[in-house]
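Residue-level structural notes
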Amino acid sequence: MNVLDVIGLNAYYGDSIILKNINLSIKQGQVVCLLGRNGVGKTTFLKSIMGLVKTPNSSIMFDGTEIAKMPTYSRALQGISYVPQGRDIFPQLSVYENLLLGLERTKNKSALNESIYELFPVLKTMLKRKGGDLSGGQQQQLAIARALVSNPKLLLLDEPTEGIQPSVIQEIARVIKKLKNKGNITMLIVEQYLEFVLGVADYFYVLDKGCIVMEGATKDNEPQQIQAKIAI
């Protein structure tokens, strides 16, 4: 069964159409990456899934339920977590308080599962530090951890490697692979760093000028072919 089926999605900012007739599917436990240059509509696609932009006459099936007309908070309650570009943590709150905010959509809003520190050991050493005092890489790990504490069915990540040092990129890749091996979470990642994508993704889509121009299993496609399509 597919966790996500996007069918004929058109997305608008005002009267301007940004995405045109997008079809995309993700199976349970898959890591799927959406590739493309800046400005082709990748972030808009994630915002469409979360209900942050207009998507008239489109179908977004999540875990067997049509969510295209649901408000954003209802989509989150269904089990979708979103880590936007730029992390969007709360700089004046502590690391621990940031993590607690990730529990808002759950019944138990005060107890963190210790397993989150197994994924991100660095955070356990910084629980009392303000989010704004962390490095960019540490903030990215915090943002992903905050999204994971509610045990979402679908995790959306927007440019998780942007502005991050190589060692932290490797840490994020390690976490994604570990989660994928468990098989109980599905991920859609917007990314430009092809080497990272090839290391973590099962399947990819290439977006250009608001349309899907290429898709396939990462293991079945040469990196040069994918890169050439992105560069068009």
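It should be noted that the structure appears before, not after, this text.
All chains use their own residue numbering, which begins from 1 and follows the written sequence. Reporting of local features is limited, given that this is a predicted model, to residues whose pLDDT is at least 70; pairs of side-chain atoms are given and counted only at 80 or more, and all residues count toward the totals for whole chains, interfaces and linings. Computation of side-chain values covers all heavy atoms of the structure but excludes hydrogens and water.

**Re the pairing of strand β9 (residues 203-208)**
Of all six residues in β9, five are buried, a share of seventy percent or more. Two strands pair under a simple rule: DSSP has to find at least two bridges between them. In DSSP terms, a helix is any run of H or I states spanning at least four residues, a strand is any run of E spanning at least two, and both are numbered starting from the N terminus. In this sheet, β9 lies alongside strand β3 (residues 31-35) in parallel orientation, the contact comprising four bridges. Looking at β9, one finds that Val 32 is bridged to Tyr 203. Here β9 runs beside strand β10 (residues 211-217); their pairing, made up of six bridges, is antiparallel. Residue pairing across strands places Tyr 203 opposite Ala 217, the latter belonging to β10. Hairpin remark: β9 followed by β10, antiparallel, with two residues in the connecting loop; positive phi at Lys 209, about 50°. Note on exposure labels: buried denotes an accessible area under 20% of the residue type's maximum, exposed denotes more than 50%, and partly exposed covers the range between, all computed with a 1.4 Å probe on protein chains only.

**Considering the sheet that holds strand β4 (residues 59-62)**
Taken in spatial order, the four strands make up an open sheet running β2-β1-β4-β5, and their pairing is antiparallel. Looking along the sheet, the strands with just one partner apiece sit at the ends: β2 (16-27) and β5 (65-66). Strand direction decides the pairing type here: strand β1 (residues 2-13) and β4, joined by four bridges, are antiparallel. Paired with Leu 4 across the two strands is Phe 62, which belongs to β4. In this description, contact between two residues means that some pair of their heavy atoms is separated by no more than 4.5 Å. The angle between two axes is taken between their N-to-C directions and runs from 0 to 180 degrees, where each axis is a line fitted to C-alpha atoms and a helix contributes only its stretch in contact. Helix α1 (residues 42-50) rests against β1, β2 and β4 of the sheet, and its axis sits at about 110° to β1.

**Points about the pattern of salt bridges**
When a carboxyl oxygen of Asp or Glu lies within 4 Å of a side-chain nitrogen of Lys or Arg, that pair is called a salt bridge. Under the counting rule described, the total for this entry stands at six salt bridges. Notably, a salt bridge pairs Arg 37 with Asp 208, separated by 2.5 Å at the nearest N-O pair. Residue Arg 37 is found in the loop between β3 and α1, and its partner Asp 208 is found in strand β9; the two are separated by 171 residues along the sequence. The class of Asp 208 is buried, set by a relative accessible area of 10%.

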